[in-house]
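Overview (structure and organization)
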Amino acid sequence: MKNKLNKLLIAGALTFSAQAVIAEEVVNVYNWSDYIDEQVNEDFTAATGIKVVYDVFDSNEFLQSKLLAGGSGYDVVVPSSSFLARQIQAGVFQKLDKSKLSNISNMWGKIEEQVEQFGPLNDYSVNYMWGTTGIGYNVEMINERMDNAPTTSLAMVFDPDVVSKFADCGVHLLDAPEEIIPAALAYLGEDPRSTDKDVIAKAEDVLTAVRPYIQKFHSSQYIDALGNGDICLVVGWSGDVFQALYAAEEAENGVEIVYAIPDEGALMWFDQLAIPKDAPNTANAHKYINWIMDPEQIATATNYVWYANGNFASQPLLEPDLLSDPAVYPTEEVMQNTYISPSYSDPKIQRVVTRTWTKVKTGQ
Ligand code: SPD
């Protein structure tokens, strides 16, 4: 009897300690919404035994507020390059231990070079995906309202005479001041990367003039609205518009969506996998990042979300239509017509940008 009790106690202790080990085997990931094929996370758990606790956000500003407050509890986060550069300066991130990233050789030097323009980002992060900010529209709704609409021009959203024609079918702009202000400047033929407050004031004038025709400033919620035919025009992120397009095709609802890189130039951005300094599971974070850098895994994700990635070795595994689409993987020529985010690192300029955006959004 005593033996039996002992065995039970030992078994209980083993179960308890096994649970404790399992409880430790976690990686807490905070990524953008609509940005992964869940299979990638499930397969990671199957391969490593590490559970992926996966939360999503919709804006860099929101992610930044969590990171700057500290103690976010996240092991891997995915800020965009310009935000990441400032967060590195603020001491939010740890350098990656590249000896733990055997898949690093799969990465694409061309994207690493682009990212390096923001600072020492390659020491602290690897590219997850990248893309452009452009125009998404519903072909039929636009054609019904305007003959020969300038669908590849930012005039679609920044010329009051044009955008006013679409106000009744729903126009959404990204709630992303660091993208929309540069776009308004590109529309005016100004330097989209200008940090001069008098130049930024010109963007404010453009945005104030079209404000009455904007139904909503959104983050990612426009994917469904555009795909369902509930709205007709957005300034949005490349892959999100493609997701709307494919959702409509799959639903066979007659909605035809197009994504256009604006003639005046498009913002090109880079979303980077990085590990906060206070990450609770640094070793698992490296394992997760290394998994994402596996060509097969990142190809699965890209084939699902239609965003280009920074992994060169994944390219033979991508859907051919996707790799050859210049709106997803821009050609050299299209690349010439893109610009990277301005550096609003000076707090004075940040205040100007925040004030401008609040005025535009509230109309006051
Ligand atoms: N649904 C995923 C969207 C990812 C967009 N990242 C955009 C960053 C722009 N600076």
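Predicted, not measured: the structure shown is a model, and the values here were computed from it. (Residues numbered from 1 in each chain as written. Predicted model: local features only at pLDDT ≥ 70, side-chain atom pairs only at ≥ 80, totals over all residues. Heavy atoms only, no water.)

**Thoughts on the overall build of the chain**
In terms of regular secondary structure, the chain is built from 18 helices and 11 strands. For 364 residues, the compact-globule estimate of 2.2 N^0.38 gives 21 Å, and the C-alpha radius of gyration of the chain, at 23 Å, lies within 12% of that figure. Across its three principal directions, the C-alpha atoms of the chain cover 90 × 50 × 40 Å. Expressed as a percentage of the 364 residues in the chain, the buried residues total 55%. For the chain, contacts bridging at least 24 residues in sequence account for 74% of all contacts bridging at least 6. About 16,100 Å² of surface is accessible on the chain, with carbon and sulfur atoms providing 51% of the total. For the chain, the separation between the mean place of its 24 positive charges and that of its 50 negative charges on side chains is 13 Å. (Helix = DSSP H or I, 4+ residues; strand = E, 2+ residues; numbered from the N terminus. Rg over C-alpha atoms; globule rule 2.2 N^0.38 Å. Buried < 20%, exposed > 50% of the residue type's maximum accessible area, 1.4 Å probe, protein only. Contact = heavy atoms within 4.5 Å. Areas by Shrake-Rupley, 256 points an atom, 1.4 Å probe, with all protein chains shown as cover. Lys, Arg positive; Asp, Glu negative; His and termini not counted. Charge placed at Lys NZ, Arg CZ, Asp CG, Glu CD.)

**Topic: unusual backbone geometry**
Trans peptide bonds make up most of the peptide bonds, and negative phi angles are found at most residues other than glycine. Within the chain, Asp 34 stands out as a residue other than glycine whose phi angle is a positive 50°. Of note in the backbone geometry, Asn 148 takes a positive phi value of approximately 50° without being a glycine. One can find Asn 148 in the loop between α7 (139–145) and α8 (155–158).

**Things to note about a negative patch on the surface**
On the surface, a cluster of negative charge is made up of Glu 112, Glu 113, Glu 116 and Asp 123. If you tally residues by element for the negative patch, the top one is helix α5 (residues 109–116), at three residues. Within the element layout of this structure, Glu 113 appears in helix α5. We classify Glu 113 as exposed; its relative accessible area is 60%. (Patch = residues over 30% accessible without salt bridge, like charges linked within 9 Å, V, L, I, M, F, W, Y side chains within 5 Å. Salt bridge = Lys/Arg side-chain N within 4 Å of Asp/Glu carboxyl O.)

**Considering the packing of aromatic side chains**
One pass over the structure, following the stated rule, counts 20 aromatic pairs. Arranged with centres 5.4 Å apart and planes meeting at 80°, the rings of Phe 217 and Trp 357 form a pair that is edge-to-face. Of the two residues, Phe 217 is situated in strand β6 (residues 216–218) and Trp 357 in helix α18 (residues 347–362); the sequence distance between them amounts to 140 residues. One aromatic cluster is present, formed by Trp 108, Phe 118, Trp 130, Phe 270, Phe 312 and Tyr 329 through successive ring pairs. Above the face of the Phe 83 ring, Arg 86 is positioned so that its terminal group lies 4.7 Å from the ring centre. (Phe/Tyr/Trp six-rings, centres within 6.5 Å; stacked < 30°, edge-to-face > 60°. Lys NZ or Arg CZ within 6 Å of the ring centre and 35° of its normal.)

**Re the site of the ligand**
Close contacts around the ligand come from 13 residues, with Ser 33, Ser 80, Glu 179, Asp 240 and Asp 271 the closest. Contacts to the ligand include Asp 271, whose side-chain N or O atom sits 2.7 Å from a nitrogen atom. Expressed as a share of its isolated accessible area of 340 Å², the protein-covered part of the ligand is 98%. Of the residues in the shell around the ligand, the class split is five nonpolar, four polar and four charged. Among the domains, domain 1 (2–130 + 270–330) and domain 2 (132–268 + 340–362) are the pair contributing at least three residues each to the shell around the ligand. (Near = heavy atom within 4 Å. Polar contact = N/O pair within 3.5 Å; in protein donor to acceptor, adjacent residues only side chain to side chain. Nonpolar A, V, L, I, M, F, W, Y, C, P; charged D, E, K, R; others polar. Domains from an automatic or database assignment.)

**Description of the pairing of strand β4 (residues 125–138)**
Extensive coverage of β4 is indicated by the burial of 14 of its 14 residues. Where β4 and strand β9 (residues 266–274) come together, eight bridges link them in antiparallel fashion. Bridge assignment links Ser 125 to a residue of β9, and that residue is Ala 274. As paired strands, β4 and strand β10 (residues 308–309) are joined by two bridges and run antiparallel to one another. Note on β10: the bridge partner recorded for Trp 130 is Ala 308. Relative to strand β7 (residues 233–237), β4 is paired through five bridges, and the arrangement is antiparallel. Within β7, the residue paired with Gly 134 across the bridge is Gly 236. Alignment of β4 against strand β8 (residues 257–260), held across four bridges, turns out to be antiparallel. (Pairing = 2+ DSSP bridges.)

**A few points about the pattern of salt bridges**
Within this structure, the stated rule accounts for nine salt bridges. Taking the shortest distance from any N to any O, the salt bridge between Glu 190 and Lys 202 comes out at 2.9 Å. Taken together, the residues span a long stretch of sequence, with Glu 190 in the loop between α10 (177–188) and α11 (197–210) and Lys 202 in helix α11 at a distance of 12 residues. Using a relative accessible area of 25% as the deciding quantity, one classes Glu 190 as partly exposed. Through salt bridges with shared partners, a single network forms among Glu 144, Arg 145 and Asp 168.

**Details of the state of the cysteines**
Tallied over the full model, the rule gives one disulfide. Each sulfur of the disulfide joining Cys 169 and Cys 232 lies 2.0 Å from the other. Between Cys 169 and Cys 232 the disulfide shows an S-S torsion of about 70°. By sign, it is right-handed. Highlighted residues: Cys 169 in the loop between α9 (160–163) and β5 (171–174) and Cys 232 in the loop between α12 (222–228) and β7, separated in sequence by 63 residues. You can call Cys 169 buried: its relative accessible area is 5%. (Disulfide = S-S within 2.5 Å.)

**A look at the pairing of strand β1 (residues 26–32)**
Of all the seven residues making up β1, seven are buried; the element is thus mostly covered by neighbouring parts of the structure. Sheet topology places β1 next to strand β2 (residues 51–57); seven bridges connect them, and they run parallel. Its bridge partner lying in β2, Val 26 is registered against Lys 51. In this region the chain leaves β1, passes through helix α2 (residues 38–48) and returns to the parallel neighbour β2; the handedness of that crossover is right-handed. The pairing of β1 with strand β3 (residues 76–77) spans two bridges and is classified as parallel. Looking across to β3, one finds that Tyr 30 is bridged to Val 77. (Right-handed = clockwise from strand over helix to strand, strands pointing away.)

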